[in-house]
Amino acid sequence: MSTLSHPVDLLRFNTCGSVDDGKSTLIGRLLYDSKSLMEDQIEALERSADITGGGQINLANLTDGLRAEREQGITIDVAYRYFATPRRKFIIADTPGHVQYTRNMVTGASTANLSIILIDARQGVIEQSRRHAIIASLLRIPHLVVAINKMDLVDWSHERFLEIQDQFEEFLPRLDIKDVKFIPVSALNGDNIVTASPHTPWYPGPTLLGHLETVHIASDWNLTNFRFPVQWVNRPNNPTDHSLHDFRGLSGQVSGGVVKVGQKVMVLPSGFTSTVKQIWTIDGPLEEAFSPQSVTLVLEHDLDISRGDVIVDASDLPGASNELHAKICWMAPRPLTAGRQFLLKHTTQTVKAAVTAIEDRINISTFDKETEVAELSMNDLGEVRIKTAKPLVYDGYGTNRLTGSFILIEPGTNATVGAGMLLPPIEAARPEYKDFAI
Amino acid sequence: MKSYHLDHLDYLETEAIHIMREVASEFELPAILFSGGKDSICLLRLAEKAFRPSDIPMPFLNVATGHEFPELLEFRDRRAKELGAKLIIRTVDEALEKGLAVQAPGQISRNQLQIPVLLAAIEEFRFDACIGGARRDEEKARAKERFFSFRDSFGQWDPKNQRPEIWNLYNGRLNPGENMRVFPLSNWTEMDVWEYIKREKLEVPSIYFSHPRKCVRRHGQWQPYTELLPPKATEEVKDLIVRVRTIGDIISTGCVESPATTVDDIIAEIAAARVTERGSRADDKVSEAAMEDRKKAGYF
């Protein structure tokens, strides 16, 4: 599709750290040392250094954008940063590490390929670090980097580095994280961020940026199970082009797998089957499309299909049920209790839903499950049972982040109050109309 | 084996198309804010990609200050016509006449005055969503904004009370009188925009390319000479070969000296640039929190 001479891919990562771990300084350092900062930004930094910093440039001021944050000296929301090197483009979701802001971390992590956990070398692994690793694991972020920061303050001790690595690895077996990289850094001084540090001859690995530029991300999307939630029915009303008179396209984003012209597909929940006649795009028809491309499918048969229906490979069916089992991150001040009703948005449909039971809460420090839980408070993570007014067609979140996730919306306020990750379905979808052949 | 891999522009494009289709599906009366500037030009291309072969199912809205570059207005009108879209224009002049907006004594820039005009247009047409071309890399306050940016019934943005945005699930639900601003280009950088213009072979207004222009040295930058804000005796006036990097209205847009006559030249220039694009916008320089304050008041 690309006409660029040097195709560049995109890595999305998020940073987690406690208030004083130097997270903003780390990002400032990445931007500064990779020459992604411009003169007027440096000028603005110097201006604020003169006012508040006693002349010392504070790299954290680059990311702490809102006035409220500068006044309090903490990051209060997810902020997005952009930089590029000749090898890759990067999107950083900078999420605050303060304990009550788990919801922001979940937000920033939900689209990330990689997560950077920052640990203060003097303090070692603290509850915060474990919490971040647990969230990264629950959200199935494929890659994790543990940046052990402020190494200059522990005299670049290799022993201390190994000690912290041990502390971290102790609870790693319980998590779903396959790729972890430990890097000793000093964000303030720039050691091992972009250039290798002279203080760590005992560390043979890449710098932080070197790792970000080379980590393998091509297989981070599900390319196995074809899923296409219909987003918008594309039906030209008064086409000037007569060949489009009968055009009925189904527009959406491929949320899993690959679709090919001629492929036999099923529409769920109805169960109608058909064949892909055309993959329409304004740039011309495609032979095949893959996740996460946005395309318009034309099927052989003119079926009654609307937004919220899911087109899938006829021989590889997802689950379908109106009784769901999910992990949830609660994001609202009003606690979640069993019996409460919400709107649930999953792929392209929104349905009424009731939380029927809270099964447990995850102790974020120990990763143990606490049962006999009456409610989930803001920033709690736990497992719940949900009943929906209409069956959902879904996959387990571990198989597909797009068809396995949902949000809960509170009626009245319309606030987004929960982020849910579905456990694998127990049974495959059963079409409403069996043996229905056209 | 075939590699199913998207490059960065493909990724940004599919993300933006997905968002535009969500808007078309979940809102009753959406509009696209179209100024004729480079970001909104990309928006229109994405709208074509999202909705063709159907018509783009929403009108274009432009809030004009009355201080625009003439080249921009010509382009805006022509482009809307080419795409067969309905273009709605509401102007600051009209709003001043009707008393919807009031100019502060001595205020020359009409940037602030766009706010009441936009809010009045939203009310007049009952728009529940306005798609804009803002990008997070433009400015620090923008960096914290969501794709779906909720505005209360006064059009205000509350940065501390934003809806979390998780995966690709956008919550577009509103109560009456509330409004959504939607920014499909949130994750795009200035470079991405130009690379996309190049890839899609999109036409842009001529003032993005170098041209001769009489300029005035003001606030450490060259600004277009205009009768709206005549130069003071102390200000240097010079004929230069310039282009604009970002288009505000004619009195707040800085010109950069540049020989760039093609999109390729512009891309090369940005790659070597040492200041950000907003560095040439006088309206953002007022204070470090200038954008934050305008957004809270209902700005785009």
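Small disclaimer: the values here were computed from a predicted structure and weren't measured. (Residues numbered from 1 in each chain as written. Chains lettered and ligands numbered in written order. Predicted model: local features only at pLDDT ≥ 70, side-chain atom pairs only at ≥ 80, totals over all residues. Heavy atoms only, no water.)

Q: Would you explain the overall build of chain A in this entry?
A: Within chain A one finds 7 helices and 24 strands. For chain A, buried positions account for 61% of its 438 residues. Looking at chain A as shown, the accessible area adds up to about 17700 Å², and 48% of this sits on carbon and sulfur atoms. (Helix = DSSP H or I, 4+ residues; strand = E, 2+ residues; numbered from the N terminus. Buried < 20%, exposed > 50% of the residue type's maximum accessible area, 1.4 Å probe, protein only. Areas by Shrake-Rupley, 256 points an atom, 1.4 Å probe, with all protein chains shown as cover.)

Q: I tried to follow the overall build of chain B on my own but got confused; where do I start?
A: The secondary structure content of chain B amounts to 9 helices and 10 strands. Buried residues in chain B amount to 65% of all 300 residues. Sequence separation of 24 or more characterises 73% of the internal contacts of chain B that already satisfy a separation of 6 or more. Of the roughly 11300 Å² of accessible surface on chain B, a fraction of 53% belongs to carbon and sulfur atoms. (Contact = heavy atoms within 4.5 Å.)

Q: Honestly, the sheet that holds strand β5 (residues 148–151) of chain B in this entry has me stumped. Any pointers?
A: Two modes of strand pairing occur in sheets, parallel and antiparallel, and in both the strands are linked by backbone hydrogen bonds. Residues and elements named next belong to chain B. Pairing in this open sheet of 6 strands is mixed, and the strands run β3-β2-β1-β4-β6-β5 from one edge to the other. A strand with exactly one partner marks an edge of an open sheet, and here the two such strands are β3 (87–91) and β5. Between one strand and the next, the sheet's axes are offset by a mean angle of 30°, whatever the strand orientation. Bridging between strand β1 (residues 30–33) and strand β4 (residues 129–131) involves 3 bridges; their strand directions are parallel. Along β4, the bridge assignment pairs Ala31 with Cys130. Along the sheet face, helix α3 (residues 70–82) touches β2 (60–64) and β3 and points at about 155° away from the line of β3. (Pairing = 2+ DSSP bridges. Axes fitted to C-alpha atoms, helices over the stretch in contact; angles between N-to-C directions.)

Q: I tried to follow the packing of helix α2 (residues 38–51) of chain B against helix α6 (residues 190–199) of chain B on my own but got confused; where do I start?
A: Axes are the key here: two packed helices are described by the angle between their axes and the distance separating the axes. All names here are of chain B. Relative orientation of the contacting elements α2 and α6 amounts to 55°, with a least axis distance of 10 Å. With respect to α6, the element α2 is oriented oblique. In terms of crossing hand, the pair formed by α2 and α6 is left-handed. Residues Lys38, Asp39, Cys42, Arg45, Leu46 and Lys49 of α2 form the contact with α6, whose participating residues are Glu190, Val193, Trp194, Tyr196, Ile197 and Arg199. Grouping the constituent residues of the contact of α2 with α6 by class yields 6 nonpolar, no polar and 6 charged. (Parallel < 35°, antiparallel > 145°, perpendicular 65-115°, else oblique. Left-handed = near helix turned anticlockwise from the far one by under 90°. Nonpolar A, V, L, I, M, F, W, Y, C, P; charged D, E, K, R; others polar.)

Q: Just checking my understanding: could you explain the pattern of salt bridges for this structure?
A: A side chain of one charge can pair with a side chain of the opposite charge when the charged atoms of the two come close. Scanning all chains against the criterion turns up 54 salt bridges over all chains. With its nearest N and O atoms 3.0 Å apart, the salt bridge here joins A:Asp368 to A:Arg174. Of the two residues, A:Asp368 sits in the loop between β19 (349–362) and β20 (369–370) while A:Arg174 sits in the loop between α6 (158–171) and β6 (179–184), which places them 194 residues apart along the sequence. Looking at A:Asp368, the relative accessible area reads 38%, which means it is partly exposed. Here B:Asp39 makes a salt bridge to B:Arg135, at a shortest N to O gap of 3.0 Å. Of this pair, B:Asp39 sits in helix α2 while B:Arg135 is found in the loop between β4 and β5, placing the two residues 96 residues apart along the sequence. With a relative accessible area of 12%, B:Asp39 lands in the buried category. Residue B:Arg135 is classed as buried on the basis of its relative accessible area, which comes to 0%. (Salt bridge = Lys/Arg side-chain N within 4 Å of Asp/Glu carboxyl O.)

Q: Could you clarify how one ought to interpret the pairing of strand β3 (residues 88–94) of chain A in this entry?
A: The side chains of a regular strand alternate, residue by residue, between the two faces of the sheet. All names here are of chain A. Counting buried positions along β3 yields 7 of 7 residues, so the element is predominantly enclosed. Residues Arg88, Phe90, Ile92 and Asp94 of β3 are buried on one face, and the alternating residues Lys89, Ile91 and Ala93, pointing to the opposite face, are buried as well. Across 7 bridges, strand β1 (residues 9–16) lies against β3 in parallel orientation. Its bridge partner being in β3, Leu11 is matched across the sheet by Phe90. For strand β2 (residues 79–84) and β3, the ladder comprises 6 bridges, and the chain directions are antiparallel. What sits directly across from Arg81, in β3, is Ile92. Between β2 and the antiparallel strand that follows it, β3, lie 3 residues.

Q: Just to check I follow, could you spell out the packing of aromatic side chains for this structure?
A: The geometry of two aromatic rings is summed up by the distance between their centres and the angle between their planes. All told, the structure shown has 20 aromatic pairs over all chains when counted by the stated rule. Between A:Phe83 and A:Phe90 the ring centres are 4.8 Å apart and the planes differ by 20°, which places this aromatic pair in the stacked class. Taken individually, A:Phe83 and A:Phe90 each receive the classification buried, so the pair is uniform in this respect. Pairing B:Phe27 with B:Phe148 gives two aromatic rings, centres 6.0 Å apart and planes at 40°, and the pair type is tilted. (Phe/Tyr/Trp six-rings, centres within 6.5 Å; stacked < 30°, edge-to-face > 60°.)

Q: When you look at the side chain of A:Thr281 in this model, what are you seeing that I'm missing?
A: Residue and element names in this part refer to chain A. Relative to the helices and strands, Thr281 is located in the loop between β12 (272–280) and β13 (288–290). There is a polar contact of 2.6 Å between the side chain of Thr281 and the backbone oxygen of Gly284. In this view, Thr281 contacts Leu286 and Val295; residues no more than four positions away in its chain are not counted. (Polar contact = N/O pair within 3.5 Å; in protein donor to acceptor, adjacent residues only side chain to side chain.)

Q: Would you explain the interface of chain B and chain A in this entry?
A: When the parts of a complex come together, some accessible area is lost, and that lost area is often taken as the interface size. Contact with chain B, which involves 68 residues of that partner, is made by 92 residues of chain A. Between chain B and chain A the total buried area reaches about 6900 Å² when both faces are included, carbon and sulfur atoms providing 55% of it. When residues of chain B are sorted by the area they lose upon contact with chain A, B:Tyr4, B:Lys144 and B:Trp167 head the list and together hold 14% of the total. Two residues, B:Asp192 and A:Lys89, come together in a salt bridge whose shortest N-O distance is 2.8 Å. Run the count over chain B and chain A and you get 38 residue pairs in polar contact (both at pLDDT 80 or more). Looking at the side of chain B that touches chain A, the elements with two or more residues in it are α1 (8–26), α2, α6 and α9 (290–296) of chain B. No other element matches α1(B), which puts 14 residues into the side of chain B that touches chain A. Counted by class, the side of chain B that touches chain A contains 24 nonpolar, 15 polar and 29 charged residues. (Buried area = accessible area lost by both parts, 1.4 Å probe.)

Scope: geometric values only; no functional claims are made or implied.
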